[in-house]
Amino acid sequence: MSRRGKKTTPAPGAPRPTVTVCRGCCCGTPAKVPHLDHAAQLADLRTSLTDVAMVRRTDCLDACEHANVIAIQPSTEGRQAGGRPIWLGQVNDPDAAADITTWVKSGGPGIAEPPGILDLYTFTPSRRVRHELED
């Protein structure tokens, strides 16, 4: 459930969506995904989502078969509206990262519907992996 059309910018200090970018053994390495500037992708997400979402880097989300993986956790408001973490895999081109940025700027999970193109990247990780991210 989303509130379509509602664009939100969190107040300073308000709980925001969290964008977790995997950059470990597979994700973020030229050996696994050689055509992508991994450092630039992370820097672009951090720059474009400043004051909108917390962007964090992690060593491994344990979903290496989907490299590069990005998980988006809803804000408090998004979770209260029914939003749940969304896992995106094979985020290996600038257009996908731009679509993620646009969606998170619109509120992210629970607040705004993701662009339809992100359905191509969505996957469900194992229960163990999901639990570890939410802790």
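Here, every reference points to the structure presented above.
None of the values given here were measured: they were computed from a predicted structure. For every chain, the first residue of the written sequence is number 1, and numbering continues from 1 along that sequence. Note on the predicted model: pLDDT of at least 70 is required for a residue's local features to be given, and 80 or more for side-chain atom pairs to be given and counted; whole-chain, interface and lining totals, by contrast, use all residues. The side-chain values count all of the structure's non-hydrogen atoms but skip hydrogen atoms and water molecules.

**Points about the overall build of the protein chain**
Numbering of helices and strands runs from the N terminus, with a helix taken as a DSSP run of H or I at least four residues long and a strand as a DSSP run of E at least two residues long. A tally of helices and strands in the protein chain yields 4 helices and 5 strands. What you see in the protein chain, going N to C, is helices and strands ordered as β-α-β-β-α-β-α-β-α. Sorting the 135 residues of the protein chain into buried and exposed places 44% on the buried side. In what follows, a contact means two residues having at least one pair of non-hydrogen atoms within 4.5 Å. A sequence separation of at least 24 residues applies to 72% of the contacts in the protein chain between residues at least 6 apart. Each accessible area value is a Shrake-Rupley result obtained with a 1.4 Å probe; residue values ignore everything except the protein chains displayed when judging cover. About 7,200 Å² of surface is accessible on the protein chain, with carbon and sulfur atoms providing 52% of the total. Think of it in three bands: residues with accessible area under 20% of the maximum for their type are buried, residues over 50% are exposed, and the middle band is partly exposed, with areas taken using a 1.4 Å probe on protein chains only.

**Some thoughts on the sheet that holds strand S4 (residues 86-88)**
Two strands form a pair only when DSSP identifies at least two bridges running between them. Pairing is mixed across the open sheet formed by 5 strands, whose spatial order is S2-S1-S3-S4-S5. The outermost strands of the open sheet, each flanked by one partner alone, are strand S2 (54-58) and strand S5 (122-123). Of the pairings in the sheet, the one linking strand S1 (residues 18-22) to S2 comprises 5 bridges and is parallel in character. What sits directly across from Val19, in S2, is Val55. Of the strands in this sheet, S1, S2 and strand S3 (70-73) touch helix H1 (residues 38-48), which is tilted by about 155 degrees from S2. Helix axes are fitted to C-alpha atoms over the stretch in contact, other axes to C-alpha atoms as well, and angles between N-to-C directions run from 0 to 180 degrees. Here helix H3 (residues 94-105) sits on the sheet and contacts S1, S3 and S4; the angle it forms with S3, its principal contact strand, is near 5 degrees.

**Some details on H1**
Those residues of H1 that fall on the buried side of the exposure criterion are His38, Gln41, Leu42 and Leu45. With its buried residues spanning 95 degrees around the axis, H1 presents them on a single face. The outward face of H1, more than 90 degrees from its buried face, is lined by the exposed residues Ala39, Asp44 and Thr47. Turning to H1, the residues buried within the fold contact S1, S2, S3 and H3. Measuring from the backbone nitrogen of Ala39 back to the side-chain oxygen at the start of H1 gives 3.4 Å, which picks out Asp37 as the cap. In this description, one arc is meant: the one made by directions from the helix axis to the C-beta atoms. The term polar contact refers here to a pair of N or O atoms within 3.5 Å; inside protein, the definition further demands a hydrogen-donor-capable atom paired with an acceptor-capable atom, and it admits residues adjacent in sequence only when both atoms are side-chain atoms.

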